[in-house]
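Understanding the architecture of this molecule
Next come the chains, spelled out residue by residue.
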Amino acid sequence: MNDHFLLLLRKDDIIDIFKYGRWKTQCPSIKFSGTIEEVSSNKKLMDKLFKQSNPFDYSLDYFILHVISPTASSFEVDDIVDIYALDSDSFKIGLSLSPEIRLSEPIFKEYYLDFQIANEIIDAQKGVDNIFAIFDLPHPKTFIKKKELETVIKDSFLGLSPQGNNSIWYYLLRYERHQSYPKDNRGFALDAIHALLNYERKSYVDISLTRSGVGKLIFEQSPDIKYSEILTIIESQSKFLKHCEKVQKGFYKIAPLYLTLKYIFADGIRDEKPYFGSKLDVFIERLKEKYDNEVLRKALYLLGIVLGRENTYQYVYKKNKLQILK
């Protein structure tokens with residue numbers, strides 16, 4: 001007895017199926033009624049298919065096959081009813097085989113998008129875990145809600161402009177510099193204040209903060225000004241400080257430090273490069289000695305989100321001394 005299956009299969013495997021005519025496979029699969037319109041609107045069933053899959057980067061590397069066969073694990077080329085691209089890019093480029101095949105349009109692309117975003121969220125959370133493993137510190141008490149983190153990741157992935165009634169942490173994590181602020185403690189403090197302004201206006205504000213208020217006061221300081229001296233300036237401005245603390249307690253301390261660390265580790269955590277003349281492990285210990293523990297841990301939490309697993313895992317592998325490393 002034959003059943004209808006959808007399989008999420010690697011492109012190279014499809015090429016080999018076409019070449020050899022038969023295939024034994026272990027891949028994500030689901031059984032369905034055979035009516036493609038029904039399964040394409042069945043979120044629960046399609047989520048089940050993608051949840052079986054390992055992460056992958058490019059839609060060009062995988063396709064969804066409709067197969068009629070006694071089993072999803074073994075079938076022949078003439079059991080394939082249809083092949084679906086995952087998204088528009090994959091459909092446009094196609095699948096090059098000889099003789100040519102008919103590739104169907106990406107009717108499952110919304111589920112593929114959900115799969116991508118879900119993986120991005122997992123990678124961000126793993127980046128946080130890796131950061132605290134690298135710094136050998138405990139996680140801080142949760143201060144970013146799961147839903148807030150999911151919104152940050154989703155909007156970033158979709159390339160949406162920061163806007164709407166989101167938290168201050170959303171606007172800080174989504175912040176990108178568009179002004180010519182200096183790349184020193186003054187600039188990172190200005191960035192933090194700019195993120196605060198974006199939060200208040202509920203969208204990106206395209207103005208420089210170097211001409212008035214606390215921003216001007218900070219900008220006019222020496223390029224060598226220390227982080228602690230920046231905090232002293234902010235704390236001397238009672239009206240601004242009170243407002244800042246009302247929005248988010250400790251934000252004026254956490255945000256500049258996070259933005260500084262984000263700049264320092266823009267290329268990821270690498271132990272083969274010096275950090276201000278020191279090896280990575282020495283630099284990490286200096287950071288732990290220099291900054292308030294709770295402030296540092298919250299800044300590191302934010303850093304882990306933006307770096308993600310991709311920019312942290314290599315050093316974690318070395319730190320953990322994986323058996324398969326040279």
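No experiment lies behind these values; they were computed from the predicted model shown.

1. With respect to a negative patch on the surface
A cluster of acidic side chains, namely Asp-12, Asp-57, Asp-61, Glu-120, Asp-123 and Glu-310, defines a negative patch on the protein surface. Here Asp-61 lies in the loop between α3 (43-51) and β4 (62-69). The partly exposed category is assigned to Asp-61, whose relative accessible area is 30%.

2. Examining the packing of aromatic side chains
For the structure shown, the criterion picks out 19 aromatic pairs. For the ring pair Phe-56 and Tyr-62, a centre distance of 4.1 Å and an interplane angle of 25 degrees mean the geometry is stacked. The exposure class assigned to Phe-56 is buried, which follows from its relative accessible area of 12%. An angle of 80 degrees between the planes, with centres 5.4 Å apart, marks the rings of Tyr-84 and Phe-108 as edge-to-face. Here Tyr-84 is found in strand β6 (residues 80-84), whereas its partner Phe-108 is found in the loop between α4 (88-93) and α5 (109-135), with 24 residues between them in sequence. Of the two residues, Tyr-84 and Phe-108, neither departs from the other in class, the shared state being buried. Here Lys-298 stacks its cationic end above the ring of Phe-143, 5.4 Å away from the centre of that ring.

3. Notes on the pattern of salt bridges
In total, this model carries 11 salt bridges according to the counting rule given. Between Lys-31 and Asp-3 there is a salt bridge; the shortest N-O distance is 3.7 Å. In this pair, Lys-31 is assigned in strand β3 (residues 29-32) and Asp-3 in strand β1 (residues 3-10), connecting sequence segments 28 residues apart. When the shortest N-O distance is used, the salt bridge between Arg-102 and Asp-82 registers 3.1 Å. In this pair, Arg-102 sits in the loop between α4 and α5 while Asp-82 sits in strand β6, placing the two residues 20 residues apart along the sequence.

4. Side note on unusual backbone geometry
Phi is mostly negative for residues that are not glycine, and the peptide bonds are mostly trans. Ser-98 connects to Pro-99 through a cis peptide bond whose omega is 0 degrees. Checked against the element boundaries, Pro-99 lands in the loop between α4 and α5. The backbone of Asp-136 shows a phi angle near 55 degrees, a positive value even though the residue is not glycine. Along the chain, Asp-136 turns up in the loop between α5 and α6 (146-158). Even without glycine at this site, Lys-202 takes up a positive phi of about 65 degrees. Note on placement: Lys-202 falls in the loop between α8 (185-201) and α9 (213-219).

5. Some remarks on the packing of α3 against α5
Direction vectors running N to C along α3 and α5 enclose 50 degrees, while the axes themselves pass 10 Å from each other. Relative to α5, the element α3 lies oblique. Seen from above, α3 lies across α5 with right-handed handedness. Residue-level contacts link Lys-43, Met-46, Asp-47 and Phe-50 of α3 to Tyr-111, Tyr-112, Asp-114 and Phe-115 of α5. Tallied by class, residues from the contact of α3 with α5 come to 5 nonpolar, no polar and 3 charged.

Scoring rules and cut-offs
Residues numbered from 1 in each chain as written. Predicted model: local features only at pLDDT ≥ 70, side-chain atom pairs only at ≥ 80, totals over all residues. Heavy atoms only, no water. Patch = residues over 30% accessible without salt bridge, like charges linked within 9 Å, V, L, I, M, F, W, Y side chains within 5 Å. Areas by Shrake-Rupley, 256 points an atom, 1.4 Å probe, with all protein chains shown as cover. Salt bridge = Lys/Arg side-chain N within 4 Å of Asp/Glu carboxyl O. Lys, Arg positive; Asp, Glu negative; His and termini not counted. Charge placed at Lys NZ, Arg CZ, Asp CG, Glu CD. Helix = DSSP H or I, 4+ residues; strand = E, 2+ residues; numbered from the N terminus. Buried < 20%, exposed > 50% of the residue type's maximum accessible area, 1.4 Å probe, protein only. Phe/Tyr/Trp six-rings, centres within 6.5 Å; stacked < 30°, edge-to-face > 60°. Lys NZ or Arg CZ within 6 Å of the ring centre and 35° of its normal. Axes fitted to C-alpha atoms, helices over the stretch in contact; angles between N-to-C directions. Parallel < 35°, antiparallel > 145°, perpendicular 65-115°, else oblique. Left-handed = near helix turned anticlockwise from the far one by under 90°. Contact = heavy atoms within 4.5 Å. Nonpolar A, V, L, I, M, F, W, Y, C, P; charged D, E, K, R; others polar.

By themselves, these are just geometric observations and shouldn't be taken as functional.
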